[in-house]
Amino acid sequence: MSSRRAVKRIAVVGAGPGGLYLAISLKLRDPSLDVVVHERNRPDDTFGWGVVFSDQTLANLKASDPETAATIEAAFVHWDDIDVHIHDQTVRSGGHGFAGIGRQRLLTILQDRARSLGVDLRFQSEVADVRALDADLIIAADGLNSRVRNETPEVFGVDVDVRPNKYIWLGTTQAFDAFTFAFVQTPHGWIWAHAYQFEPGASTFIVECSEATWRGLGFDGMDQDQTCRAAEALFAGWLGGHALMSNARHLRGSAWLNFSRVACANWRDGKVVLLGDAAHTAHFSIGSGTKLAFEDAIRLAQALTEPGDLEAGLAAYEAERRVEVLKLQSAARNSTEWFETVERYVDLDPLQFAYSLLTRSQRVSHENLRLRDPAFVTRVERWFADQAGAPLTDDPPAPMFAPLRLRGLTLPNRVVVSPMCMYSAEDGTVNDFHLVHLGGRALGGAGLVFTEMTDVSADARITPGCAGMYRPEHREAWRRIVDFVHAQGSRIAIQLAHAGRKGSVERPWGPRADQPLADGWPLIAASAIPWSDEDQTPREMTRADMDRVRDDFVRAAGWADEAGFDMVELHCAHGYLLSSFLTPVSNHRRDAYGGSLENRLRFPLEVFAALRAVWPDDKPMSVRLSATDWVDDGLTSEDSVAIARTFADAGCDLIDVSAGQTSEQARPVYGRMYQTPFSDRIRNEAGVATMAVGNIYETDHVNSILAAGRADLCALARPHLADPNWTLRAAAELGWRGIQPPLQYRAGFAQLVRNMERQSQAGPV
Ligand SMILES: Cc1cc2nc3c(=O)[nH]c(=O)nc-3n(C[C@H](O)[C@H](O)[C@H](O)COP(=O)(O)O)c2cc1C
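Residues numbered from 1 in each chain as written. Predicted model: local features only at pLDDT ≥ 70, side-chain atom pairs only at ≥ 80, totals over all residues. Heavy atoms only, no water.

### Looking at the overall build of the protein chain
So, point 1. When you go through the protein chain residue by residue, the secondary structure sums to 25 helices and 30 strands.
So, point 2. Relative to the compact-globule value of 27 Å for 765 residues, the protein chain shows a C-alpha radius of gyration of 30 Å, a close match.
So, point 3. Projected onto the principal axes, the alpha-carbon positions of the protein chain cover approximately 90 × 60 × 60 Å.
So, point 4. For the protein chain, the proportion of contacts with a sequence separation of at least 24, taken over those separated by at least 6, is 71%.
So, point 5. When the accessible surface of the protein chain is summed, it comes to about 29,800 Å², and 50% of that surface belongs to carbon and sulfur atoms.
So, point 6. The distance from the centre of the 78 positive side-chain charges to the centre of the 99 negative ones in the protein chain is 2 Å. (Helix = DSSP H or I, 4+ residues; strand = E, 2+ residues; numbered from the N terminus. Rg over C-alpha atoms; globule rule 2.2 N^0.38 Å. Contact = heavy atoms within 4.5 Å. Areas by Shrake-Rupley, 256 points an atom, 1.4 Å probe, with all protein chains shown as cover. Lys, Arg positive; Asp, Glu negative; His and termini not counted. Charge placed at Lys NZ, Arg CZ, Asp CG, Glu CD.)

### A word on the UniProt feature "domain: NADH:flavin oxidoreductase/NADH oxidase N-terminal" (unreviewed entry) in the protein chain
So, point 1. Cross-referencing UniProt, the feature "domain: NADH:flavin oxidoreductase/NADH oxidase N-terminal" (unreviewed entry) maps to residues 400-733 in the present numbering.
So, point 2. Between the C-alpha atoms that bound residues 400-733 there is a distance of 12 Å. The span itself is 36% helix and 16% strand. (UniProt positions renumbered as here; feature names shortened; annotations may be inferred.)

### So, the pattern of salt bridges
So, point 1. In this structure the tally under the stated criterion is 60 salt bridges.
So, point 2. Here E67 makes a salt bridge to R113, at a shortest N to O gap of 3.2 Å. With a gap of 46 residues between them, E67 in helix α3 (residues 66-74) and R113 in helix α4 (residues 103-116) connect regions that are remote in the sequence.
So, point 3. Measuring nitrogen to oxygen at the nearest pair gives 2.9 Å for the salt bridge that ties E295 to K291. Of this pair, E295 and K291 both sit in helix α10 (residues 289-305), separated by four residues, roughly a single helical turn. Each member of the pair, E295 as well as K291, is classed as buried. (Salt bridge = Lys/Arg side-chain N within 4 Å of Asp/Glu carboxyl O. Buried < 20%, exposed > 50% of the residue type's maximum accessible area, 1.4 Å probe, protein only.)

### Re the environment of R461
So, point 1. Here R461 shows up in the loop between β21 (448-455) and β22 (467-468).
So, point 2. We classify R461 as buried; its relative accessible area is 8%.
So, point 3. Setting aside chain neighbours within four positions, we find R461 in contact with D427, G428, D455, C466, Y470, A499, G503, S504 and W521.
So, point 4. Within the structure, the side chain of R461 is placed 2.8 Å from the backbone oxygen of A458, a separation counted as a polar contact. (Polar contact = N/O pair within 3.5 Å; in protein donor to acceptor, adjacent residues only side chain to side chain.)

### Some words on helix α8 (residues 224-234)
The α-helix winds at 3.6 residues per turn, so residues separated by three or four positions along the chain end up facing the same way.
So, point 1. Of all the positions in α8, only Q224, T227, C228, A231 and E232 are classed as buried. Along α8, the residues classed as buried sweep out an arc of 135° about the axis, all on the same side.
So, point 2. Looking at the buried side of α8, the elements it contacts are β10 (158-172), β13 (202-209), α9 (236-239) and β14 (244-245).
So, point 3. N-cap assignment for α8: the residue whose side-chain oxygen lies 3.1 Å from the backbone N of D225 is D223. (Arc of directions from axis to C-beta.)

### Observations concerning the site of the ligand
So, point 1. Around the ligand, 16 residues are found, and the nearest of them are S418, P419, N695, A717 and R718.
So, point 2. Separating a nitrogen atom of the ligand from a backbone N or O atom of C421 is a distance of 2.8 Å.
So, point 3. The side chain of R718 places a nitrogen or oxygen atom 2.6 Å from an oxygen atom of the ligand. (Near = heavy atom within 4 Å.)

### Details of the sheet that holds strand β4 (residues 77-79)
So, point 1. Read from one edge of the open sheet, three strands run β3-β7-β4, paired in antiparallel fashion. Since the sheet does not close on itself, it has two edges, and those belong to β3 (50-54) and β4, each with one partner. Geometrically, the sheet is characterised by an average inter-axis angle of 25° between neighbouring strands, direction not taken into account.
So, point 2. Taken together, the five bridges between β3 and strand β7 (residues 98-102) define a ladder with antiparallel strand orientation. Paired with G50 across the bridge in β7 is G102. (Pairing = 2+ DSSP bridges. Axes fitted to C-alpha atoms, helices over the stretch in contact; angles between N-to-C directions.)

### As for the sheet that holds strand β17 (residues 272-274)
So, point 1. On the basis of which strands lie adjacent, the open sheet formed by six strands has the order β8-β2-β1-β9-β17-β16 and mixed pairing. Among the strands making up the open sheet, the edge pair consists of β8 (120-122) and β16 (268-269).
So, point 2. Relative to β17, strand β9 (residues 137-140) runs parallel, the two being bridged by three bridges. Bridging from a neighbouring strand, I139 pairs with V273 of β17.
So, point 3. Lying on the sheet, helix α1 (residues 17-29) is in contact with β1 (9-13), β2 (34-38), β8 and β9; it crosses β2 at an angle near 170°.

### Some details on the domain arrangement of the protein chain
So, point 1. In terms of domain boundaries, the protein chain breaks down into domain 1 (9-339) and domain 2 (398-633 + 648-725).
So, point 2. Put simply, the middle of domain 1 and the middle of domain 2, counted by C-alpha atoms, are 47 Å apart. (Domains from an automatic or database assignment.)

### Describing the packing of aromatic side chains
So, point 1. Using the criterion set out here, one finds 32 aromatic pairs in the structure.
So, point 2. With a centroid separation of 5.8 Å and 45° between ring planes, the pair formed by F53 and F294 is classed as tilted. Residue F53 is found in strand β3, and its partner F294 is found in helix α10; the two are separated by 241 residues along the sequence.
So, point 3. The exposure class assigned to F294 is buried, which follows from its relative accessible area of 1%.
So, point 4. On the basis of an interplanar angle of 80° and a centroid distance of 6.4 Å, the ring pair of F183 and W338 is categorised as edge-to-face. Of this pair, F183 sits in strand β11 (residues 179-186) while W338 is found in helix α11 (residues 310-340), placing the two residues 155 residues apart along the sequence. As far as the burial class goes, F183 and W338 line up, both buried. (Phe/Tyr/Trp six-rings, centres within 6.5 Å; stacked < 30°, edge-to-face > 60°.)

Quick look at the structure:
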C-alpha cells in the first residue's frame, strides 16, 4: 500500500459530521473511489441538539464544497451577540459572528449530499470486526467513545482526561436572540447555562455545575424528567415559560456527563486512521469539535487523493492536523478550566466577569474584542479607568495606562520593568551602568522600575557582580539612580534578597559561567542540599543565622527608604534563600521551620514582618513567589494561594507571581503568558493584588490580562532588554497621548505616533 492509487475502497466507521464530510470530500475529489460509511445507529438517531459554527468554519467548508456549504448556510440561525447574565445584570457584547444549526438537520444535509455523490451509507450496520472490513483503508470516525480506537488503546497511545464538572445537553423551544450564558447562585454553589438557538424556535441549553453543586441540588438522584423540571425552576428567568427537554429517547439513565478530553499519541494503526472526536476532543464551551472533525476530513481527503506516496500523505495529514488540534485543545483547556473555577470570578464586577469569560480561552484578546465590538471595549476601558481612579475623559486609557494605587504610592501606568540581575556591580556598589540601564527604562515610560535582586550582605550575593545594599555607600549609589528615575515621572522598587544555596558562583558569562567561585564564601540555606552536583553544599541555617539574615534585611530596608525607594520587594522566589524555606524541594528541616507549609513559611514571614515594621506605613511592599516548583511533590499553585494570603494578612500589598527555578528537575510548561494563570488564581482566590510576569510581550497581552482581572500589574523582563522604550512604543501603537514622554524626547514620540497611525490606516502589507 505505498501509492495513493492503491487505495480504491475506503470504509468509514461512523456517520457523524466528520465521517460524512470525509466521504463527501473523497467522492468530490475522486468519484471512482468506493466509499462505504457504516453507522450503528439509524439516520435520524442523533445525539445532542444543535451545533455552533463560526464564520471561519463556514469559510473552510465553502472552499472545500460550495454546494454543501450553501445548503448548510441556508439552514443557519445567525447571531452576533453574546449575553452574560450574572447578579441580575446582563452584559451584552457583539460582533461574535456565530451560526447555529440543528445537528439532525446538518446530518440530513450531509447524508443527502453523500448519497447524491454515490457514497454507500449503511445505517444500523454494527461492524463486529473493523479490521476485517473489506477495504484498503478504514477511517475511524466513530466519535468520542470510538470503539475502533478503544480496541487497541495502547497502539494509539490514548490519553483520556475526565474533567470534574457535570453537564447535560438539554433543548428548549425558547428562542434566544444571543448566545446566552446565565449564571445562577444556589445555596449549593453556582450553576449556569450555555444556550443558543440552532433553528427558529429551538435552542440548545447546556447546564453545567461542579459535582458538589450537582449533588447538593439533588441532581444525582433525579431522572431526566425531574432534571428538566428542576433546571426549569433554576433558569425560569431565561426560559420565558418554555420547557426544557432531554434527549431521553437516546440516552438511558442519567444524561449528565463529565467532559472527557481525548488525545492520542498516534492517529494511525496499519489500515486504520482516526478522525475527529475519535482522535481528539475539545470542550463544548469553545464549540469546536465539529469544526475540527470537518477540517480533519478535508485534510484527510486531500491526503488520500493527491498523487504520491500514501505513507507520506497520511503522515502529513497527522502532522498538520496535530498542530491545529493542539492549539485548539490548549484554548479549550483554558476554557474548560475557567468554567471549572468559575466561583473564583463571580465576585468580579459583572462587566469584568463578562470580559473574563469572553477572553477565557486566551485566543480572544483585547484587540480581537475591539475589532468585534469597539463600544464594548470602550465600556470596559472606561470602567477600568474609573475604578483605577483615572481622570474621566471621553477617551479612556487602555488598561495598561490606568494608574494603580498601592498605599500612598500611585503608579502612573501598569507596565513594570521586572527585576533583572545585571552582574555589573563592584562589591555590591551599583554604578553608571545601572544608572543608564534603569534610568533608560524609566525614560522609556514604564510606570514602575524594579532594581535587580539586591543582596543584603556580601555573602548573600549570587556572583561578585551582584548589586547590594549592605554598606552605607550602597545607599548613596542607589540614591542617585532613584532620584533620576523619579525625575522621569516613574517609580522605583528595590528587590531585596539573599541567594542562599544558589550563591558564590561566577557571573553567567565567560569561560567559567555559573561555576562555583574558586575563592567564594560559605553558603547557608534552609537545608544542607546543594543546588546541583557541582555546587557547594550549604550549611543548614541555625537560629543565630536566621537572626543575622533577618537583621541584614531590616538594615537594607532602612537604607532603601533613606535612598528614596517607593516600594520594597522581598524575594521569596527562584530557589534563593527564602524560597528554599518555602518549597519542600529544598526544605527538609525537622524543626519548627520545616515540614508543614505553616512551618516552612515561618522564617520568610518573620523576615517580612520585620521589614514591614521598619518600612514606612504609606509605602507598599511586595513579595515575589515561585507559584509552583513544576516538579512532582513540589510546591503547588494551591499552596501558593495559601502563602499569598498569609503574606497579605501580614501587610503585603502585591504578590509578584513568578514560577519555578527552585529545582534542577523542574519541567516548566512554557508559552505566551505562561505564568499568568498562577497570578489569576492568587489574585482571585487570595484576594490580593498581583503582578503577572513571564512571556508577556505584546501590548495586547498586557491589556487583556489587566482588563480580565488576571493581574493588577504586568512585569516585562526580556522585552525591556530589547527595547527600553517598550511602554512609549505601546502608547504610540494604541494612539494614547495621555502618556508624558520625557520633554527631551517628545518630538520622537510624536513622530512614532504619526507613523504608527499611518501604518494602521494603510492596513497590513
Ligand atoms: C537577565 C535576567 C536577569 C534576571 N534577574 C532576576 C532577578 O534579579 N530577580 C528576579 O526575581 N527575577 C529575575 N529574572 C527573571 C525576570 O524578572 C522574569 O521573571 C523572567 O525573565 C520572565 O519574564 P520575561 O518573559 O518578561 O523575560 C531575570 C531574568 C533575566 C532575563
